[in-house]
There are 2 protein chains.
Amino acid sequence: MQTQQASKIFEALSSGLRLDIFRLLVRHAPDGLVQGDIARRLDIPSTNLSFHLRAIVHSGLAHVEREGRFMRYKANIPLMLDIVAYLTEECCSGNPEACQRFRDASPAGRILPRRVD
Amino acid sequence: MQTQQASKIFEALSSGLRLDIFRLLVRHAPDGLVQGDIARRLDIPSTNLSFHLRAIVHSGLAHVEREGRFMRYKANIPLMLDIVAYLTEECCSGNPEACQRFRDASPAGRILPRRVD
DNA sequence: TTGATATTTCAACATTAGTTGATATATGTC
DNA sequence: GACATATATCAACTAATGTTGAAATATCAA
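Position labels on residues start from 1 in each chain and follow its written sequence. Whichever chain is written first becomes A and whichever ligand is written first becomes 1, with later ones labelled in order. For this predicted model, a pLDDT threshold of at least 70 governs which residues receive local features, and a threshold of 80 or more governs which side-chain atom pairs are given and counted, while totals over whole chains, interfaces and linings are taken from all residues. Only hydrogens and water are removed before side-chain values are computed, so all heavy atoms of the structure are retained for them.

Engineer: Just checking my understanding: could you explain the overall build of chain A for this structure?
Structural biologist: Secondary structure summary: chain A contains six helices and three strands in total. Secondary structure is summarised from DSSP: a helix means a run of H or I of at least four residues, a strand means a run of E of at least two, and numbering begins at the N terminus for each. Counting from the amino terminus, helix and strand elements in chain A follow one another as α-α-β-α-α-β-β-α-α. A total of 117 residues make up chain A; the buried ones form 49% of that total. All accessibility values rest on the Shrake-Rupley procedure with a 1.4 Å probe; residue burial counts only the protein chains present in the view. About 6000 Å² of surface is accessible on chain A, with carbon and sulfur atoms providing 46% of the total. With 16 positive and 13 negative side-chain charges, chain A shows a separation of 6 Å between the mean positions of the two kinds. Buried residues are those whose accessible area, probed at 1.4 Å on protein chains only, stays under 20% of the maximum for their type, while exposed residues exceed 50% and partly exposed ones sit between those limits. We treat Lys and Arg as the positive residues and Asp and Glu as the negative residues; His and chain ends play no part in the count. For this purpose, a charge sits on NZ of Lys, CZ of Arg, CG of Asp or CD of Glu.

Engineer: I'm lost on the protein's contact with DNA strand C in this one. Help?
Structural biologist: Residues are classed as near a molecule or strand on a simple rule: at least one heavy atom within 4 Å of it. In the region of DNA strand C, 23 residues are neighbours, and Gly36(A), Ser50(A), Tyr73(A), Thr47(B) and His52(B) sit closest. A share of 70% of the atoms of DNA strand C within 4 Å of the protein falls on sugar and phosphate groups. Met71(A) places a polar main-chain atom, nitrogen or oxygen, 3.4 Å from a phosphate oxygen of DNA strand C. Elements represented by at least two residues in the surface near DNA strand C include exactly helix H3 (35-42), helix H4 (46-59) and strand S3 (70-75) of chain A together with helix H2 (16-27) and helix H4 (46-59) of chain B. For the surface near DNA strand C, the per-class residue count stands at seven nonpolar, ten polar and six charged. Any pair of N or O atoms that falls within 3.5 Å is considered a polar contact. Within protein, one atom must be able to donate a hydrogen and the other to accept it, and sequence-neighbouring residues count only if both atoms are side-chain atoms. Polar here means any residue other than Ala, Val, Leu, Ile, Met, Phe, Trp, Tyr, Cys and Pro, which are nonpolar, and Asp, Glu, Lys and Arg, which are charged; Gly is therefore polar.

Engineer: Any chance you could explain the confidence of the model for chain A here in plain terms?
Structural biologist: Any region with low pLDDT has predicted coordinates that should not be read closely. Residue-level confidence of the predictor is summarised by pLDDT, bounded by 0 at the bottom and 100 at the top. The predicted model of chain A has a mean per-residue pLDDT of 90, with 91% of residues at 70 or higher. Contact definition: two residues touch when any of their heavy atoms are within 4.5 Å. Contacts of residues 111-117 of chain A to residues separated by more than four positions or lying in other chains number 29 contacts, the stretch itself having pLDDT below 50.

Engineer: What exactly am I supposed to notice about the protein's contact with DNA strand D here?
Structural biologist: Around DNA strand D, a shell composed of 23 residues is seen, among which Thr47(A), His52(A), Gly36(B), Ser50(B) and Tyr73(B) lie nearest. Here a phosphate oxygen of DNA strand D sits 2.6 Å away from a polar atom, N or O, in the main chain of Gly36(B). In the environment of DNA strand D, a phosphate oxygen lies 3.3 Å from a nitrogen or oxygen atom belonging to the backbone of Met71(B). For the surface near DNA strand D, the secondary-structure elements that each account for two or more residues are helix H2 (16-27) and H4 of chain A together with helix H3 (35-42), H4 and strand S3 (70-75) of chain B. Taken together, the residues of the surface near DNA strand D break down into seven nonpolar, ten polar and six charged.

Engineer: Looking at this structure, I do not really get the relation of the copies chain B and chain A. What am I missing?
Structural biologist: In this structure, two copies of a chain are linked by a rotation about an axis accompanied by a shift along it. The copies were overlaid by least squares, fitting only the C-alpha atoms of residues that reach a pLDDT of 70 or more in each copy. With an axial shift of 0.0 Å and an RMSD of 0.0 Å, the rotation relating chain B to chain A amounts to 180 degrees. On this basis, the relationship between the two copies can be described by a two-fold rotation axis.

Engineer: Honestly, the pairing of S3(B) in this entry has me stumped. Any pointers?
Structural biologist: Residues in a regular strand project their side chains so that they alternate between the two faces of the sheet. Residue and element names in this part refer to chain B. In this scheme, strands are said to pair when DSSP sees at least two bridges between them. The sheet contact formed by strand S1 (residues 33-34) and S3 spans two bridges and is antiparallel. In the sheet register, Val34 faces S3, and the bridge partner there is Arg72. Sheet analysis places strand S2 (residues 62-67) next to S3, joined by six bridges and oriented antiparallel. Counterpart to His63 in the pairing with S3 is Lys74. In textbook terms, the turn of a hairpin is the stretch between consecutive antiparallel strands, and for S2 and S3 this stretch comprises two residues, one of which, Gly68, has a positive phi near 65 degrees.

Engineer: Looking at this model, I keep getting lost on the packing of aromatic side chains. Mind explaining?
Structural biologist: For any pair of aromatic rings, geometry is given as the distance between the ring centres together with the angle between the planes. Aromatic contacts are taken between Phe, Tyr and Trp rings whose centres are within 6.5 Å, Trp giving its six-membered ring; a plane angle under 30 degrees counts as stacked, one over 60 as edge-to-face, and the others as tilted. Under the defined criterion, the tally for this structure stands at one aromatic pair over all chains. With a centroid separation of 5.9 Å and 15 degrees between ring planes, the pair formed by Phe10(A) and Phe10(B) is classed as stacked. Of this pair, Phe10(A) sits in helix H1 (residues 3-12) while Phe10(B) sits in helix H1 (residues 3-12), each in a different chain. For a ring to carry a charge above it, either NZ of a lysine or CZ of an arginine must fall within 6 Å of the ring centroid while also lying within 35 degrees of the normal to the ring plane. In this structure, Arg23(A) is placed above the aromatic ring of Tyr86(B), and the distance from its NZ or CZ to the ring centre is 3.7 Å.

Below is the structure:
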């Protein structure tokens with residue numbers, strides 16, 4: 001993963017609308033949803049949704065495929081996992097004890113990244 | 001974690017420069033670095049660095065404290081862990097087998113989020 | 001082929017972000 | 001106090017983003 005790709009991915013998550021869209025797709029992985037489903041669930045005008053879906057797809061965080069006259073969007077879960085690893089992998093480099101302390105202290109710690117070791 | 005806060009955090013990571021800055025701070029957690037250290041390591045003009053550090057701090061992803069005439073910036077690791085959880089926590093809702101398949105298939109899978117279960 | 005539905009593209013506009021150089025503020029040293 | 005260093009703020013400009021309504025495209029159904 002390179003900085004440029006990674007920042008593009010975070011940019012795709014940097015609008016509240018796009019974040020809601022992506023999380024909806026993550027929740028509905030691996031099957032995905034068609035555009036109209038997303039529009040209805042999040043109450044976003046079709047035009048604007050199209051614009052944001054385009055950005056998400058362009059970042060690589062989702063794939064599209066035509067399904068008759070519908071367009072089905074699916075979250076790219078492996079890429080999501082990669083970007084999480086990219087962000088966290090060198091945490092507290094050379095100080096694994098400190099790193100473990102952070103994880104233990106976090107209420108979210110139990111579902112959070114663990115070192116390979 | 002709310003959408004608004006989360007998208008603000010991702011916005012803080014959405015520029016290549018800020019992402020480099022934050023990852024540098026993560027690598028140097030828990031001690032942090034002073035502004036001049038960051039400027040030298042990443043070769044960013046002081047003015048511009050100040051602008052981006054402000055955005056990172058404003059998002060909550062880092063804290064600052066004065067240290068004589070230096071300003072020391074430290075990554076907020078717990079918040080980083082929270083945002084990772086926020087992004088991934090409802091993955092494949094109601095389909096844990098699919099979710100596990102994604103994790104197993106990812107080369108990054110071993111250091112990536114695991115469900116609480 | 002005609003009409004209906006799903007989605008995208010386009011044009012226009014308002015808003016916001018990124019960069020730079022000059023200047024200001026705060027701290028430490030002599 | 002005078003000066004140097006570290007960092008932040010300001011002003012100005014350029015570029016990019018987000019939103020909307022209208023129009024285009026693609027597919028299906030009759």
